[in-house]
Amino acid sequence: MPTSNIVPALAGVAARVAGRGRRPATDRVYFLVVTIDGVSGVPRTVLTLASALADRHDVEIISVYRRHDKPNFDVDPRVRISYLYDQRRRGRRRKQGWARARAAPRRSRLKARLDRSPSRFFPKEKELSRLTDLLLARRLLTLQPGVLISVRPALHAIAAAVAPPHLVTVAQDHLNFPTRMSGPAVRGLMERVTRRLDCLSALTAADAVDYRAAFPDARALITSIPNAASWSPVEEPPPLDAKIVVSGGRLERRKGFHRLIHAYAPVAHKHPDWQLHIYGKGREEARLRKLIRKLGVEEQVVLKGFTADFGAALSGSSVYAMASVYEGFPMVLLEAMSRGLPLVSYDCPRGPGEIIDDGRNGRLVADGDKDMLTAALLQVIEDDEARRRMGAQALADVAGYGVQAIAGRWEALFDELLARRAARR
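Please read all numbers here as calculations on a predicted model, not as lab measurements.

## As for the overall build of the protein chain
Part 1: The helix and strand inventory of the protein chain stands at 16 helices and 13 strands.
Part 2: For the protein chain, the C-alpha radius of gyration of 23 Å lies close to 22 Å, the compact-globule estimate for 425 residues.
Part 3: Counting over 425 residues, the protein chain shows a buried share of 55%.
Part 4: By sequence separation, contacts in the protein chain at least 24 residues apart represent 67% of the contacts at least 6 residues apart.
Part 5: Split by element, the accessible area of the protein chain, about 18800 Å² in all, is 49% carbon and sulfur.
Part 6: Looking at the protein chain, you have 69 positive and 46 negative side-chain charges, and the mean spots of the two groups are 13 Å apart.

Below you can see the structure in the form of structure tokens.
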């Protein structure tokens, strides 16, 4: 059979096998990810939710790639991880890290040829190939009735085309609507999958509203469930007397640290005894250092580099600030709330506007308004009572994002999707 026909053939077999009377169930939950070994927010949030669901479900994470000996985040022993393609370097002189597809070890000529061809489900996805199409199709065919949650557009497309009918299919989107839909190719993909999958779950209610408006004829239930906070909150609100504002993330343009530094400069000149500590590494580091020197705030704005214990950095500060250009759902705000810190942020798309209740647990200002961000920072710095009140409210509010609370919302969604299936029958 020509290689171009392998995946469609498997999809057809899957549909026939799945049609033998098996009905969807929710005692099994499968997560479909590109790699669970990464250091981004997606692997961490998937592992957190998987652990919570493992209390009442049989949970498996299907990772297309294996790139390290073990994931970077803790894995609940009750959660199984299955890998489809091992990209770890091999041999006595094996280096830390992974080999990209064209250099991956131990492949046949056929696999190498398939790996050089783009995915037929979404050719613009550079991390997937015709080989991973085949591996995914073959694996999905073997899944027992349950819920399949995919976490990336290309994976949504594969689930929509290949997943047998006894799987309830959920596309979990980890990026905000304006950014996700900025290109026509992804927009067309998302429109197709919402006509075939059971559900599209966004991270914010605003994103869900936008998706419903964009795809009024969607078959999928379009809803929103935020990510869960994986950090145990402190027991008591902290005193918040350290004269430190903290921020953190990858030092890249979209995280907006240049915007934060510009807004903080007037604060630094007015309150030189306060400091802004920025944690993280990235390609913007040199530019940020140059900006700090240009604004004359070298003593007040400090790039702290990467830390393996960001929680300790939060506990040693009194305010968390964020000036991102865009976000999906900023988990770092929840982490700061779990330490009892008030939040100060631009109302960027998307996430801060649903987490921050302006004046209660922090300050939320118009996106890009530098003067407003400066004023908000000055307020929480200068008003000790307001700062502590907002911090205490942030600590109380983070309970709504607790692991069990979010897992409960997912289980309620599973029940709703099964009821929709039954109603259609």
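Moving on from the model shown.
## Quick word on the pairing of strand β8 (residues 244-248)
Part 1: For β8, a buried count of five out of five residues is recorded, marking the element as mostly surrounded by other parts of the structure.
Part 2: Because side chains alternate across β8, one face comprises the buried residues I244, V246 and G248, and the other comprises V245 and S247, equally buried.
Part 3: Pairing of β8 with strand β9 (residues 275-279), which is carried by five bridges, proceeds in the parallel orientation. Pairing of V246 across the sheet is with H277, part of β9.

## Details of the environment of Y211
Part 1: Among the structural elements, Y211 can be located in helix α8 (residues 205-214).
Part 2: Among the residues examined, Y211 registers a relative accessible area of 0% and is labelled buried.
Part 3: Sequence separation between Y211 and E191 is 20 residues, and the spatial gap between their C-alpha atoms is 9.3 Å.
Part 4: Once residues within four sequence positions are removed from consideration, Y211 is found in contact with D173, F177, R180, M181, M190, L200, A202 and I222.

## Section: the environment of L303
Part 1: Structurally, the position occupied by L303 is in strand β10 (residues 301-305).
Part 2: Among the residues examined, L303 registers a relative accessible area of 11% and is labelled buried.
Part 3: Each C-alpha atom, one on L303 and one on F215, is 43 Å from the other, the two residues being 88 residues apart in sequence.
Part 4: The contact partners of L303, leaving out residues within four places of it in the chain, are I278, E285, L288, R289 and I292.

## Digging into unusual backbone geometry
Part 1: Of the consecutive residues P349 and R350, the connecting peptide bond is found in the cis state with omega at 0 degrees.
Part 2: You can see R350 is positioned in the loop between β12 (343-346) and α13 (352-355).

## Quick notes on the pattern of salt bridges
Part 1: Tallying each qualifying case throughout the model produces 34 salt bridges.
Part 2: The shortest N-O distance in the salt bridge between R78 and D76 comes to 2.9 Å.
Part 3: For R78, a relative accessible area of 42% translates into the label partly exposed.
Part 4: D76 gets classed as buried once you look at its relative accessible area, which sits at 16%.
Part 5: One salt bridge connects R289 with E285, and the closest N-O pair in it is separated by 3.0 Å.

## Considering the nonpolar core
Part 1: Counting residues in each nonpolar core, the largest one holds 43 residues, and the members touching the most others are L148, L155, I158, M190 and Y211.
Part 2: Listed in part, the 32 residues of the second largest apolar core include V245, L288, Y346 and L373.

About the criteria used
- Residues numbered from 1 in each chain as written.
- Predicted model: local features only at pLDDT ≥ 70, side-chain atom pairs only at ≥ 80, totals over all residues.
- Heavy atoms only, no water.
- Helix = DSSP H or I, 4+ residues; strand = E, 2+ residues; numbered from the N terminus.
- Rg over C-alpha atoms; globule rule 2.2 N^0.38 Å.
- Buried < 20%, exposed > 50% of the residue type's maximum accessible area, 1.4 Å probe, protein only.
- Contact = heavy atoms within 4.5 Å.
- Areas by Shrake-Rupley, 256 points an atom, 1.4 Å probe, with all protein chains shown as cover.
- Lys, Arg positive; Asp, Glu negative; His and termini not counted.
- Charge placed at Lys NZ, Arg CZ, Asp CG, Glu CD.
- Pairing = 2+ DSSP bridges.
- Salt bridge = Lys/Arg side-chain N within 4 Å of Asp/Glu carboxyl O.
- Core = buried A, V, L, I, M, F, W, Y, C linked by side-chain atoms within 4.5 Å.

These figures come from the coordinates and say nothing about function on their own.
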